[in-house]
Amino acid sequence: MTPNSNYSILIVDDTQQNVQVLSQILRDVGYKVLAAFNGQDALNLLSKRIPDLILLDVMMPGMDGIELCGVIRERAETSSTPVLILSARGDAESVMRGMDAGANDFLPKPILHHDLVAKVRAMLDEVHSN
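### Focus on the overall build of the chain
Helices and strands together make up the secondary structure of the chain, namely five helices and five strands. If you list the helices and strands of the chain from N to C, you get β-α-β-α-β-α-β-α-β-α. Scaling as 2.2 N^0.38, a compact globule of 130 residues should have a C-alpha radius of gyration of about 14 Å, and the chain matches this with 13 Å. Principal axes of the C-alpha set define a box for the chain whose edges measure 35 × 30 × 25 Å. Counting all 130 residues of the chain, 45% fall into the buried class. For the chain, the share of sequence-separated contacts (at least 6 apart) that also reach a separation of at least 24 residues comes to 63%. Each charge class in the chain can be summarised by its mean position, and for the 11 positive and 17 negative side chains these summaries are 6 Å apart.

Laid out in C-alpha cells, this is it:
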C-alpha cells in the first residue's frame, strides 16, 4: 500500500530537531503530521484528535514515552492506535519495557529514513487491512 495523505501520524519527542526531521521524512511520503513535545501535550492533543499512528520517544522529561504508551493503551479511544517507540536506548530491557507498556514495535535511534518509512507503512497497512 502506498502512503495515503488521509493518514495522520503523531510524533511525540522533546527535541524539536528530532520532530522536524521525522516530520519532514513523513510529509515527504505523503503523511499528515501532528507533533507534541511532551507527554501531557500529547494527551491533550489526543483528547481532540486520534491519529492513525503514534511515534514516541522514550527519554522525555516528566512523563517518558513508556509511561505515555501505558496511558494511551488505558484510554478507550486510543487503546488500539498503533504505537512505534523510537529510542536511543536500544537495550533489551528498554525494548521489553516499551513492548510491555503496549507498544506495537520499537526502532532504535539513530533511525534510517528508509527504515522509518518502511516500518510506518507496514504498521499502517496491518491496521487498515484488518
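The structure having been displayed, the exposition proceeds.
### Describing the pattern of salt bridges
Under the defined criterion, the tally for this structure stands at four salt bridges. The shortest N-O distance in the salt bridge between D105 and K119 comes to 2.6 Å. With D105 in strand β5 (residues 105-108) and K119 in helix α5 (residues 113-129), this residue pair connects regions lying 14 residues apart in the sequence. Residues participating in the shared-partner salt-bridge network are D13, D57 and K109.

### Some remarks on the pairing of strand β4 (residues 83-87)
Here β4 lies mainly inside the structure; five of its five residues are buried. Across the two faces of β4 the burial is the same, with V83, I85 and S87 and L84 and L86 all buried. Where strand β3 (residues 53-57) and β4 come together, four bridges link them in parallel fashion. Bridging across to β4, D57 finds its partner in L86. In terms of handedness, the path from β3 via helix α3 (residues 65-74) over to β4 forms a crossover that is right-handed. Note: β4 against β5, four bridges, orientation parallel. Note on β5: the bridge partner recorded for S87 is P108.

### Side note on the nonpolar core
Across soluble globular proteins, you tend to see nonpolar side chains buried next to one another. Ranked by size, the top nonpolar core spans 21 residues in total, and within it L10, V12, I54, L56, L68, V83 and I85 carry the most contacts. Broken down by secondary-structure element, the contributors of at least two residues to this core are β1 (8-12), β2 (32-36), α2 (39-46), β3, α3 and β4. Ignoring anything within four residues of it in the chain, the contact list for L56 reads V12, G65, L68, C69, I72, V83, L84, I85 and L86. With 19 residues, the next largest nonpolar core counts L53, L55, L116 and M123 among its residues.

### Topic: the sheet that holds β3
Read from one edge of the open sheet, five strands run β2-β1-β3-β4-β5, paired in parallel fashion. In this open sheet, the two strands that pair with only one neighbour each are β2 and β5. Going from strand to strand, the sheet's axes swing by 20° on average, the running direction of each strand aside. In the packing of helix α1 (residues 16-28) onto the sheet, the strands contacted are β1, β2, β3 and β4, and the crossing angle to β1 comes to about 165°.

Scoring rules and cut-offs
- Residues numbered from 1 in each chain as written.
- Predicted model: local features only at pLDDT ≥ 70, side-chain atom pairs only at ≥ 80, totals over all residues.
- Heavy atoms only, no water.
- Helix = DSSP H or I, 4+ residues; strand = E, 2+ residues; numbered from the N terminus.
- Rg over C-alpha atoms; globule rule 2.2 N^0.38 Å.
- Buried < 20%, exposed > 50% of the residue type's maximum accessible area, 1.4 Å probe, protein only.
- Contact = heavy atoms within 4.5 Å.
- Lys, Arg positive; Asp, Glu negative; His and termini not counted.
- Charge placed at Lys NZ, Arg CZ, Asp CG, Glu CD.
- Salt bridge = Lys/Arg side-chain N within 4 Å of Asp/Glu carboxyl O.
- Pairing = 2+ DSSP bridges.
- Right-handed = clockwise from strand over helix to strand, strands pointing away.
- Core = buried A, V, L, I, M, F, W, Y, C linked by side-chain atoms within 4.5 Å.
- Axes fitted to C-alpha atoms, helices over the stretch in contact; angles between N-to-C directions.

Take it as geometry only, folks, not as evidence of what the structure does.
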